[in-house]
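Close look at the chain arrangement
Residues per chain are reported as follows:
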Amino acid sequence: MRRTYIALLITCFFFIRCSERKPAPNPGVAVNLYTVKAQTVLYYDKYPANTVALSQVDLHPEVQGYITGIFFKEGEHVHKGEKLYEIDQRLYQEGYDQAKANLEVAKGNLVEAQQDADRYTYLNTKDAVAEQTFDHAAITLQNAKNSVTAAEQAMKMSETNLTYSVISAPFDGTIGISQVRLGNMVTVGQTLLNTISSDDPMGVDFLISEKELTHFEALKDGEQQTIDSLFTIVLPDNSIYPSAGKISIIDRAVDPQTGTIRVRVVFPNPGFILKPGLSCVLRVHNQEKTPQLVVPSRAVVELMGEYFVYLAKDTMARDPNDSTQTHRALIAIQKKVQLGQTIAPNVIVLGGIKAGDRIVLDGVQSLHTGSLITVGQKPGAAKDGKDGAGKQDDSQSKKDSGKNSGH
């Protein structure tokens with residue numbers, strides 16, 4: 001019994017001692033902080049685009065026949081008026097020769113009718129010819145004149161058909177791969193011979209939202225063009241096209257289904273590098289000179305389509321070992337922000353925070369509003385957060401695949 005009593009006392013003693021232990025202090029979540037700074041940034045608004053020829057024509061035959069001549073190299077530059085195809089001319093040459101001969105016959109008949117009419121007119125003044133004979137001579141003269149007119153029109157038609165048997169380039173441009181070969185029969189309105197498109201300058205078409213229309217109208221009128229390289233394009237191999245473009249056309253209407261409108265920028269193309277239908281990214285140089293707030297993208301949390309950052313806020317917290325004592329502490333406060341253009345690993349913040357704010361850079365997944373935090377590194381000492389996270393050189397912009405503006 002004594003042993004049992006002693007064991008019970010020892011158990012109670014340890015229980016009391018354990019209950020008197022102070023709770024372990026909460027060390028907080030270890031994070032890195034970034035101090036927000038306003039800085040001048042270089043970026044581009046980017047739009048998916050396609051190159052288009054300013055002039056493009058499908059070549060179709062105007063007369064029927066066999067192809068007897070092809071006088072160009074496929075895919076090469078041709079000049080206006082240059083002979084491209086020839087359709088068998090024998091039939092049309094014969095038709096022209098016949099029409100020409102018929103015209104000469106009609107002209108001869110006209111001369112004969114004119115002489116008879118002149119003679120009968122003179123005799124009629126002397127009352128030396130019947131009235132009927134005089135009238136018939138006048139009618140015969142008019143018919144002869146009409147015959148000459150008809151023969152002239154037939155000759156023009158045959159001459160046109162003969163001309164159409166030769167297909168020439170309608171303008172300077174690049175001609176494609178021929179759809180017919182020597183000896184092929186071509187039919188009016190059915191056979192496609194080839195396609196020719198202009199190549200210098202070259203248009204680049206892209207779509208903008210209706211909200212951007214006013215801005216681009218100002219760019220078209222030259223009101224906001226403060227830099228030379230306002231419009232540039234990134235080619236499919238991620239290289240930058242060497243020449244800058246100029247806005248040419250804004251379409252007549254907004255598409256009511258998509259809320260977008262087509263814009264065309266024209267680029268010089270002396271080396272014929274740009275081809276119609278080429279996919280590219282059109283870049284519109286940012287002309288905003290006001291310093292922007294730029295933060296690393298990994299500091300931003302997306303929640304149901306909205307974006308947040310965590311601000312580090314100084315506060316006074318009670319000492320867990322002594323409730324009468326307080327000490328300085330950092331807590332995380334969730335803050336909603338409005339984002340602008342993404343620039344490589346960083347993003348422009350349009351609203352919600354201000355310069356000088358300290359935001360949590362790493363460890364945001366473990367935080368909620370009111371979480372205690374401890375700084376793992378000095379504020380601003382993050383790898384990409386100290387020396388202007390918003391700066392982007394041209395080489396980085398070349399690697400960007402071209403997201404649209406507003407992301």
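Located above this text is the structure these notes cover.
What you see is a predicted model; the values in this text were computed from it and never measured.

1. Comments concerning helix H4 (residues 213-220)
Considered for burial, the residues of H4 that qualify are Phe216, Ala218 and Leu219. The arc that holds the buried residues of H4, viewed along the axis, is 155°, so those residues lie on one side. Of the residues one or two after H4, Gly222 is the one with positive phi, at around 80°.

2. Details of the sheet that holds strand S6 (residues 77-78)
Pairing in this open sheet of 4 strands is antiparallel, and the strands run S4-S11-S9-S6 from one edge to the other. Sheet topology places strand S4 (56-59) and S6 at the edges, where each strand pairs with a single neighbour. Summarising the sheet, S6 and strand S9 (residues 173-175) pair through 2 bridges and their orientation is antiparallel. Pairing of His77 across the sheet is with Thr174, part of S9.

3. Here we look at the nonpolar core
Core analysis: the biggest nonpolar cluster contains 25 residues, and Leu59, Ile67, Val78, Leu84, Tyr85 and Leu193 have the highest contact counts within it. Listed by contribution, the elements that provide at least two residues to this core are strand S7 (83-87), helix H2 (90-125) and helix H3 (131-164). In this structure Leu84 touches Leu59, Gly69, Ile70, Phe71, Phe72, Val78, Ile167, Ser168, Ala169 and Ile175, once residues within four positions along its chain are discounted. Listed in part, the 23 residues of the second largest apolar core include Val204, Phe231, Tyr241 and Cys280.

4. Observations concerning the pairing of strand S5 (residues 65-70)
Looking at chain direction, S5 and strand S10 (residues 185-186) are connected through 2 bridges and run antiparallel. Note on S10: the bridge partner recorded for Tyr66 is Met185. Two elements, S5 and S7, share 3 bridges in a ladder whose sense is antiparallel. Bridge pairing in S7 places Ile67 opposite Ile87.

5. Side note on the packing of aromatic side chains
Under the defined criterion, the tally for this structure stands at 5 aromatic pairs. Taking the centre distance of 6.0 Å and the plane angle of 80° together, the rings of Tyr47 and Phe216 count as edge-to-face. In this pair, Tyr47 sits in strand S3 (residues 44-53) while Phe216 sits in helix H4, placing the two residues 169 residues apart along the sequence. Centroid distance Tyr241 to Phe267: 6.2 Å. Interplanar angle 80°. Geometry classified as edge-to-face. With a gap of 26 residues between them, Tyr241 in the loop between strand S13 (231-234) and strand S14 (246-250) and Phe267 in strand S15 (residues 260-267) connect regions that are remote in the sequence. Like Phe267, Tyr241 is buried. Each member of the aromatic cluster is reached from another via a ring pair, and the members are Tyr47, Phe206 and Phe216. The cationic tip of Arg283 hangs over the ring face of Tyr44; the distance from NZ or CZ to the ring centre is 3.8 Å.

6. Section: the sheet that holds S15
The antiparallel open sheet is built from 6 strands, whose spatial order is S13-S16-S3-S12-S15-S14. Sheet topology places S13 and S14 at the edges, where each strand pairs with a single neighbour. Pairwise comparison of adjacent strand axes, ignoring direction, gives a mean angle of 40° for this sheet. Where strand S12 (residues 202-209) meets S15, 8 bridges bridge the pair, whose relative direction is antiparallel. Among the inter-strand pairings, Leu207 is bridged to a residue of S15, identified as Arg262. Across the sheet, H4 is in contact with S3, S12, S13, S14, S15 and strand S16 (279-285); its angle to S14 comes to roughly 125°.

7. Some points on H2
Taking 1.5 Å as the rise per residue, H2 with 36 residues should run 52 Å; its terminal C-alpha atoms sit 53 Å apart, in good agreement. Taken together, the buried positions of H2 are occupied by Tyr92, Tyr96, Ala99, Leu103, Ala106, Ala113 and Ala117. Packed against the buried residues of H2 are H3. Residue Asp127 follows H2 closely and has a positive phi angle near 55°.

Cut-off values and rules
Residues numbered from 1 in each chain as written. Predicted model: local features only at pLDDT ≥ 70, side-chain atom pairs only at ≥ 80, totals over all residues. Heavy atoms only, no water. Buried < 20%, exposed > 50% of the residue type's maximum accessible area, 1.4 Å probe, protein only. Helix = DSSP H or I, 4+ residues; strand = E, 2+ residues; numbered from the N terminus. Arc of directions from axis to C-beta. Pairing = 2+ DSSP bridges. Core = buried A, V, L, I, M, F, W, Y, C linked by side-chain atoms within 4.5 Å. Contact = heavy atoms within 4.5 Å. Phe/Tyr/Trp six-rings, centres within 6.5 Å; stacked < 30°, edge-to-face > 60°. Lys NZ or Arg CZ within 6 Å of the ring centre and 35° of its normal. Axes fitted to C-alpha atoms, helices over the stretch in contact; angles between N-to-C directions. Expected span 1.5 Å × (residues − 1).

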